[in-house]
Amino acid sequence: GLRLDRFKTGTPCRLAGTTIDYRQLQEQPGDTDPQPFSFLTDSLPQEQLICWITRTTPEIHGLIRANLHRAPMFTGQIESRGPRYCPSIEDKVVRFPDRDSHQLFLEPEGRSTREMYVNGISTSLPRDVQDAMIRLVPGLERARIMRYGYAVEYDYCPPDQLAASLESKAVAGLFFAGQVNGTTGYEEAAAQGLVAGANAALLLGGRGPLVLDRDQAYIGVLIDDLVTRGVDEPYRMFTSRAEHRLALRHDNADRRLTPIAASLGLAEPERAARLNAKLAEMEAASAMLVAHRVNGISLADLLKRPEFAWRDCRAALPALANVSRAASEQIENDIRYAGYLALDQERIERQRRMQGRLIPDGFDYTTVRHLRAEAREQLDRIRPRTLGQAGRVSGITPADLALVVISLESRGA
């Protein structure tokens, strides 16, 4: 009873790093002070690996055009849609005929291998064409291909068949996560796996599901987009998809999400303890900023000015020198954006009062008078949990939503 559809994706070739002429390439060093992903990691002492840049040439583009009839994505063998933001080299040559070159990034596959990933030349062309293409790239004239690029077409289940918990509406207890939901990318798959796994465990424990709101986490935006709007191309989680990205910062992810994780048993004691210690440190440092004045103005107010930074606060109040970088960054961001965040929070609360209103399970949309047939069909298919989610369903107008509200109020729901 599950609907299936198809997408396509591809991958570039991999090269033996020892066969590349790096003298012709542009060096791309790593960050001098790389930031860890985990709040449990204080620093990254490892040496950063270097990436390199080169470019395609007009000769390569001519070779590709001459062999398009051998590329499955252009012969009709593969017809489904692929990720718009990482097209194949064949797509780029056809869609941008005015460009005489495209950038290629050579990225090490790891610390224990010399294999290099050629980002930007994803292809479905046959091996002999790939060999010829690589030999025409500056710096890669003698490069040896260790693995050839290829394209694949794959099945996915349109995610509008899922509840916000990622549980299938058709099969109770069956959860979907990752590429099967029409997404592309490692982070997107990991985020869904975390939520689906947590909700499977919560279901077995007889507890309600973990559903993150759009103003709480990018995971909330990702899953709401998938189950409410569906997908017409492989989905990637861009920051531009989030309405409240000023609040969804990387530096405050622990403050937003660790308490939720701890309440569900998903945060180990060390993680919760570190957050509590940082919150206490921030509270103490913030109190010092408010109390200490320079020429009658508190350091907290001075920090709102663009020309004033944390280093100036430390110069004026040496006691702040012991405040950790993690705490000082969040304090500075909170103060600088306090006015904008307050306005955003007011908007969130206003929307939540209306949009957080639950729609009863099994609500019969056929009984909503004057509701358009298209709206009735969409709402019945998606089965939104709240009025807010209903308003985000593709094709639902404010007038449709108003009729649903009236119907709910008439029943005292």
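These numbers were taken from a predicted model, which means no experiment stands behind them.

### Focus: the pattern of salt bridges
When their charged atoms lie close together, side chains carrying opposite charge are able to pair.
Next, step 1: Overall, the coordinates contain 31 salt bridges when judged by the stated rule.
Next, step 2: Where Arg-6 meets Glu-153, a salt bridge forms, and the shortest distance between an N and an O atom there is 3.5 Å. Taken together, the residues Arg-6 in strand S1 (residues 5–11) and Glu-153 in strand S8 (residues 150–156) connect sequence positions 147 residues apart.
Next, step 3: The class of Arg-6 is partly exposed, set by a relative accessible area of 34%.
Next, step 4: A salt bridge links Glu-409 to Arg-357, with the shortest nitrogen-to-oxygen separation between them at 3.4 Å. Taken as a pair, Glu-409 in helix H15 (residues 398–410) and Arg-357 in the loop between helix H12 (338–355) and helix H13 (373–382) lie far apart in primary sequence, 52 residues in all.

### Re the packing of helix H5 (residues 186–204) against helix H6 (residues 218–229)
Next, step 1: In contact at an axis separation of 10 Å, H5 and H6 are set at 90° when each is read in the N-to-C sense. Overall, the two elements H5 and H6 adopt an arrangement that is roughly perpendicular. Across from Glu-188, Ala-191, Gln-192 and Val-195 in H5, the residues of H6 making contact are Ile-219, Leu-222, Ile-223 and Leu-226.
Next, step 2: Residue composition of the contact of H5 with H6, by class: 6 nonpolar, 1 polar and 1 charged.

### Remarks on the nonpolar core
Next, step 1: Formed by 27 residues in total, the largest nonpolar core has its most connected members in Leu-166, Ile-219, Leu-222, Ile-223, Val-231 and Tyr-235.
Next, step 2: Within the residue set of this core, elements represented by two or more residues are S8, H5 and H6.
Next, step 3: If you tally residues by element for this core, the top one is H6, at 6 residues.
Next, step 4: Those residues within four positions of Leu-222 in sequence are excluded, and the remaining contacts are Thr-183, Glu-188, Ala-191, Gln-192, Tyr-235 and Met-237.
Next, step 5: Core analysis: the next-biggest nonpolar cluster, separate from the first, contains 24 residues, Leu-15, Val-93, Val-129 and Ala-143 among them.

### A look at the confidence of the model for the protein
Next, step 1: In this model, the protein carries a mean pLDDT of 92, and residues with pLDDT of at least 70 account for 99%.
Next, step 2: For the protein, helix H2 (residues 72–75) is the element with the lowest average pLDDT, namely 77, and strand S4 (residues 51–55) is the one with the highest, namely 98.

### Describing unusual backbone geometry
Next, step 1: In this model, Leu-166 sits at a positive phi of 75°, which is unusual for a non-glycine residue.
Next, step 2: Here Leu-166 lies in the loop between S8 and H5.
Next, step 3: Located in the positive-phi region is His-370, a residue other than glycine, with phi close to 70°.
Next, step 4: Relative to the elements of secondary structure, His-370 occurs in the loop between H12 and H13.
Next, step 5: Overall, the relative accessible area of 64% leaves His-370 in the exposed class.

### A few points about the packing of aromatic side chains
Next, step 1: Enumeration over the complete set of coordinates arrives at 4 aromatic pairs.
Next, step 2: Pairing Phe-7 with Tyr-154 gives two aromatic rings, centres 6.5 Å apart and planes at 70°, and the pair type is edge-to-face. A residue pair is termed long-range when its members are at least 10 positions apart, and Phe-7 in strand S1 and Tyr-154 in strand S8 qualify at 147 residues. With respect to class, Phe-7 is no different from Tyr-154; both count as buried.
Next, step 3: Seen in terms of ring centroids, Phe-7 and Tyr-156 are 4.1 Å apart; in terms of plane orientation they differ by 10°. Their pairing is stacked. Linking Phe-7 in strand S1 with Tyr-156 in strand S8, this pair joins segments that are 149 residues apart in sequence.
Next, step 4: When the ring centre of Tyr-235 is taken as origin, the NZ or CZ atom of Arg-241, which lies over that ring, is 4.1 Å away.

### Re the environment of Glu-109
Next, step 1: In this fold, Glu-109 is placed in the loop between strand S5 (103–108) and strand S6 (115–119).
Next, step 2: Taking the C-alpha atoms as reference, Glu-109 lies 35 Å from Gly-265; in sequence the two are 156 residues apart.
Next, step 3: Beyond its immediate stretch of four places on either side in the chain, Glu-109 contacts Arg-14, Glu-115, Met-116, Tyr-117 and Arg-147.

### Let's talk about the layout of surface pockets
Next, step 1: Space inside the second largest pocket adds up to approximately 1000 Å³.
Next, step 2: Looking at the lining of the second largest pocket, the element that brings in the most residues is S1, giving 4 residues.
Next, step 3: Taken together, the residues that form the lining of the second largest pocket break down as 11 nonpolar, 12 polar and 12 charged.

### Some remarks on the side chain of Ser-124
Next, step 1: Locating Ser-124 in the fold gives a position in the loop between S6 and helix H4 (127–135).
Next, step 2: Here Ser-124 falls in the buried class, since its relative accessible area comes to 10%.
Next, step 3: Of note is the side chain of Ser-124, whose polar atom sits 2.9 Å from the side chain of Glu-90.
Next, step 4: Other than its neighbours up to four places away in sequence, Ser-124 contacts Arg-70, Ala-71, Pro-72, Met-73, Glu-90 and Ala-151.

Reading the values: rules and limits
Residues numbered from 1 in each chain as written. Predicted model: local features only at pLDDT ≥ 70, side-chain atom pairs only at ≥ 80, totals over all residues. Heavy atoms only, no water. Salt bridge = Lys/Arg side-chain N within 4 Å of Asp/Glu carboxyl O. Helix = DSSP H or I, 4+ residues; strand = E, 2+ residues; numbered from the N terminus. Buried < 20%, exposed > 50% of the residue type's maximum accessible area, 1.4 Å probe, protein only. Axes fitted to C-alpha atoms, helices over the stretch in contact; angles between N-to-C directions. Parallel < 35°, antiparallel > 145°, perpendicular 65-115°, else oblique. Contact = heavy atoms within 4.5 Å. Nonpolar A, V, L, I, M, F, W, Y, C, P; charged D, E, K, R; others polar. Core = buried A, V, L, I, M, F, W, Y, C linked by side-chain atoms within 4.5 Å. pLDDT = per-residue confidence, 0-100. Phe/Tyr/Trp six-rings, centres within 6.5 Å; stacked < 30°, edge-to-face > 60°. Lys NZ or Arg CZ within 6 Å of the ring centre and 35° of its normal. 1 Å grid on protein atoms, 1.4 Å probe; cavity = no way out; pocket = protein on both sides within 12 Å on 5 of 7 lines; lining within 4 Å. Points joined across faces, edges and corners; volume = space filled by probe spheres on them. Polar contact = N/O pair within 3.5 Å; in protein donor to acceptor, adjacent residues only side chain to side chain.

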